[in-house]
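Chains, contacts and geometry: an overview
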Amino acid sequence: MLHLVGETLDKHRAQYGTANGNLVRILRSNYVGAEAYADAVLFDHALRIVAYLYPNTYLCGASAENLAPTSDGHLFLSGRRNARTRLRSLEIVQTRAPDSPETETAQTADPMGGLSVRRSTLRFRYLESFRRRSETGAAMPIEMQADIAARLVEVAGGECEAIIECWRLAQANRWRTEAERAEAFFATPLREAQAQGSPLHVGWHGEKIRVLRHDGSAWRWKPTATEGAAPVRSGAPGRLPPFIENLLPEGCLERVLKPRSDRERISAGKRCMSNIVVSEDEDDL
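Residues numbered from 1 in each chain as written. Predicted model: local features only at pLDDT ≥ 70, side-chain atom pairs only at ≥ 80, totals over all residues. Heavy atoms only, no water.

Confidence in the prediction for the protein chain averages 81 pLDDT; 82% of positions are at 70 or higher. Mean pLDDT values over the elements of the protein chain span from 66, in helix α12 (residues 262-267), up to 96, in strand β4 (residues 58-59). (pLDDT = per-residue confidence, 0-100. Helix = DSSP H or I, 4+ residues; strand = E, 2+ residues; numbered from the N terminus.)

Spelled out as structure tokens, the structure:
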């Protein structure tokens, strides 16, 4: 359990608890019960600790969006100065706030009960995510940016209105570059890279028996639920099953086809006839 001097105990009880081993001091006026796992307690009570230690700051970036530290243990704040505070596995990253931040009060809860915290507003944390050379901006994933952008358009009543609101807020803080990048993001759809190592479905007499996948350096041979013994046995780890490898073109035929890789040799369809079918489309089986 977390203990804060002035809230859950006084300084005399804190000193006595530390002396007899019942409390562990984490930082000034912050204590954890000796029987508790300190890292977990700090993570669960991160917002309460921040409100206690830094009352003149507000949550920003991904921490403002999720009202929680990031999965790697970072909590982002904005205040009067740049600072970093390490509390075991929890790191509080404080950046200097701009001239005219836009904040709001949010309600949340932790194991000690409910609490109110200050955080940047939706459109302000959207602009924060585009700050260059900013750890706070870099920590916000692009999926979160896209979700915030969609919500801003919905609240403003249109994309043009959302852009105008962001520009007004950016001009008050001299964030022209951030506003330009934010405007461009509204008009730029998310692009997904083509997945590497897409699966190849392996069929035997029209029945799917395995899934073959290449991760760029080695093959993986994943079985499917079939009745009876599998007709194709696995080979050495990272290599093609011997039966499939023996069906691939070789010698003069391989020189004519000029495959660039084993994957191209298999998926291109140029191979010896057999009862084995390998295809990227499962319906081909």
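Attention shifts here to the packing of aromatic side chains. Applying the stated rule across the entire model yields five aromatic pairs. Summarising the aromatic geometry, the rings of F124 and W175 are spaced 5.2 Å apart at their centres and angled 15 degrees between planes, so their arrangement reads as stacked. Placement of F124 in helix α5 (residues 122-128) and of W175 in the loop between α8 (159-172) and α9 (176-187) is noted, with a sequence separation of 51 residues between them. In this structure F124 comes out as buried when scored by relative accessible area, which is 0%. (Phe/Tyr/Trp six-rings, centres within 6.5 Å; stacked < 30°, edge-to-face > 60°. Buried < 20%, exposed > 50% of the residue type's maximum accessible area, 1.4 Å probe, protein only.)

The next subject is the nonpolar core. Core analysis: the biggest nonpolar cluster contains 28 residues, and Y126, L127, I148, L152, C166, F185 and F186 have the highest contact counts within it. Listing elements by their share of this core, those giving two or more residues are α5, α7 (142-156), α8 and α9. Ignoring any residue separated from it by four or fewer positions in sequence, one finds C166 in contact with R123, Y126, L127, L152 and F186. Among the nonpolar cores identified, the runner-up in size contains 23 residues, and I26, V32, A64 and L67 belong to it. (Core = buried A, V, L, I, M, F, W, Y, C linked by side-chain atoms within 4.5 Å. Contact = heavy atoms within 4.5 Å.)

All right, on to the side chain of Q94 then. Here Q94 is to be found in strand β7 (residues 90-96). Taking the relative accessible area as the measure of exposure, Q94 reaches 7% and is therefore buried. Beyond its immediate stretch of four places on either side in the chain, Q94 contacts Y54, T57, L77, S78, G79, R80, R81, N82 and A83.

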